[in-house]
Amino acid sequence: MRRRRSLPWIYRWSRPLIGAVAIAGTVLTAFLTVKKLTGATLECGINSAGGGCGGVLNSPYAEVFGLPLSLFGCLAYISMAAFALVPLAISYDKQKNRKKQLESLTWWLLLAGSIAMAVFSGYLMYILATELKTVCPYCIGSAAFSLSLLVLTITGRDWEDIGQILFTAAIVALLTIVVTLGIYANVNPSIAQADSSPSEVVDPQDGKIVIPEPMGAPTPPKGWEITTVSGEAEIALANHLKSTDVKMYGAFWCPHCYQQKELFGKEAFAEIDYVECDPQGKNPQRDTCIAKGIQSFPTWEIDGQLYPGTKELDEFAKLSKYEGEKNFKYKL
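Here's a quick rundown of the structure. These numbers were taken from a predicted model, which means no experiment stands behind them.

How each quantity is defined
Residues numbered from 1 in each chain as written. Predicted model: local features only at pLDDT ≥ 70, side-chain atom pairs only at ≥ 80, totals over all residues. Heavy atoms only, no water. Core = buried A, V, L, I, M, F, W, Y, C linked by side-chain atoms within 4.5 Å. Buried < 20%, exposed > 50% of the residue type's maximum accessible area, 1.4 Å probe, protein only. Helix = DSSP H or I, 4+ residues; strand = E, 2+ residues; numbered from the N terminus. Contact = heavy atoms within 4.5 Å. Pairing = 2+ DSSP bridges. Salt bridge = Lys/Arg side-chain N within 4 Å of Asp/Glu carboxyl O. Expected span 1.5 Å × (residues − 1). Arc of directions from axis to C-beta. Phe/Tyr/Trp six-rings, centres within 6.5 Å; stacked < 30°, edge-to-face > 60°. Lys NZ or Arg CZ within 6 Å of the ring centre and 35° of its normal.

Turning next to the nonpolar core. Side chains that are nonpolar tend, in soluble globular proteins, to be buried together. Residues Leu 237, Phe 264, Ile 272, Phe 297 and Trp 300 are the most contacted members of the largest nonpolar core, which totals 33 residues. Of all the secondary-structure elements, those providing two or more residues to this core are helix H9 (232-243), strand E5 (247-250), helix H10 (255-264), helix H11 (266-269), strand E6 (273-276), strand E7 (299-302) and helix H13 (313-319). By residue number, the principal contributor to this core is H9, which donates 4 residues. When neighbours within four sequence positions are excluded, Ile 272 is seen to be in contact with Ala 238, Leu 241, Met 248, Phe 264 and Trp 300. In this structure, Ala 84, Trp 107, Leu 150 and Ala 173 belong to the second largest nonpolar core, which totals 21 residues.

We now examine the pairing of E5. Side chains of E5 alternate between two faces, with Lys 247 and Tyr 249 and Met 248 and Gly 250 buried alike. Across 3 bridges, E5 lies against E7 in antiparallel orientation. The partner of Tyr 249 across the bridge, within E7, is Thr 299.

For the structure on display, the rule yields 7 salt bridges. Residues Lys 36 and Glu 63 are paired through a salt bridge, measuring 3.5 Å at the closest nitrogen-oxygen approach. Residue Lys 36 is found in helix H2 (residues 9-38), and its partner Glu 63 is found in strand E1 (residues 63-64); the two are separated by 27 residues along the sequence. On the basis of relative accessibility, which here comes to 17%, the residue Lys 36 falls in the buried class. Judged by relative accessible area, which is 38%, Glu 63 ranks as partly exposed. A salt bridge links Lys 292 to Glu 301, with the nearest nitrogen and oxygen atoms 3.0 Å apart. According to the relative accessible area criterion, Lys 292 is partly exposed, its value standing at 38%. If you follow the salt bridges from partner to partner, you end up with Asp 245, Lys 247 and Asp 273 in one network.

To continue, consider H9. Relative to the 16 Å expected for 12 residues at 1.5 Å per residue, H9 spans 17 Å between its end C-alpha atoms, a close match to the ideal helical length. Looking at H9, one finds that the buried residues are Ala 233, Glu 234, Leu 237, Ala 238, His 240 and Leu 241. Projected down its long axis, H9 shows its buried positions confined to an angular sector of 160°, all on one face. Among the exposed residues of H9, those pointing more than 90 degrees away from its buried face are Glu 232 and Ser 243. Following H9 by one or two positions, Asp 245 adopts a phi angle in the positive range, close to 65°.

One pass over the structure, following the stated rule, counts 12 aromatic pairs. On the basis of an interplanar angle of 75° and a centroid distance of 6.1 Å, the ring pair of Trp 107 and Trp 159 is categorised as edge-to-face. Of this pair, Trp 107 sits in helix H5 (residues 96-132) while Trp 159 sits in the loop between helix H6 (137-155) and helix H7 (162-183), and the two are 52 residues apart along the sequence. Side by side, Trp 107 and Trp 159 carry an identical accessibility label, which is buried. Members of the aromatic cluster, connected to one another through ring pairs, are Phe 264, Phe 269, Tyr 274, Trp 300 and Phe 316. Residue placement shows Arg 157 over the ring face of Trp 159; its charged tip is 4.7 Å from the ring centre. Of note, Lys 261 hangs over the ring of Tyr 274, and the distance from its end group to the ring centre comes to 4.9 Å.

Moving on: the side chain of Thr 33. Tracing the backbone shows Thr 33 in helix H2. Residue contacts for Thr 33: discarding those within four places in its chain leaves Pro 68, Ser 70 and Leu 71.

This is how it looks when you write it as structure tokens:
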């Protein structure tokens, strides 16, 4: 008992504190993962040159192996919480040796994990400042959690061999940098932004042009330039949608909104009643979007009903009771 009382408070409370920070990180990254997977709007109150939080969530850096980066962050935080809290559940009196072994192992796992997370978060902060050139409080918050885990891990235990700690830190940091650069080797928004127009791909089955996803970071207030040329059918449908008071709600940084614009073509989409929901976009109407209860982009309002998601032009023809020419040139 005397020994426990003599321990610095940080030694006694380090594991609960690490667990609390890791749980907070889990909640944050789980929230971002749900937003990414559902395509819902992500607002943070700060929008700058890169499109704010929504622009970051839709950037090439927000996905790894086709999955949301935040999902991997969530798993990392869950692991850190487990490493910190599981040993606390073991009784010291009944399983003394087992508890000591588990504590020793999990401290090294916490050290390796916190170093890797801090280094990776540092890289993402660099990308946020230099490539995306925007502010994302969610991203900064996650980086702060990662750094806090590292500080608590280093200060939360009496590490006897400082040299081994430095050696472990160097190895883990080097491996993290190598893996990170390998993952993002093919991502270069600076180059992609110079030529952000997707090339047209012709479907061999019906000859219609398939619209691929846009490349590079969107530039406010317009985002990506529409590159497709409208046909007579697209223009006729757009005029019909305008005459029947159909509206599209979107954001300049939304890749799905851009695909929708490409389906109509430049000339036809100019006739669409488009409502910009991001304050950094052209002629923004954020209050209107909030009043309508817009949850994801794009969302279409047809006959007073909301239809979220990118849609083929044939579907608009059915929903709006369009009976004109339907030989549309493009498809998803």
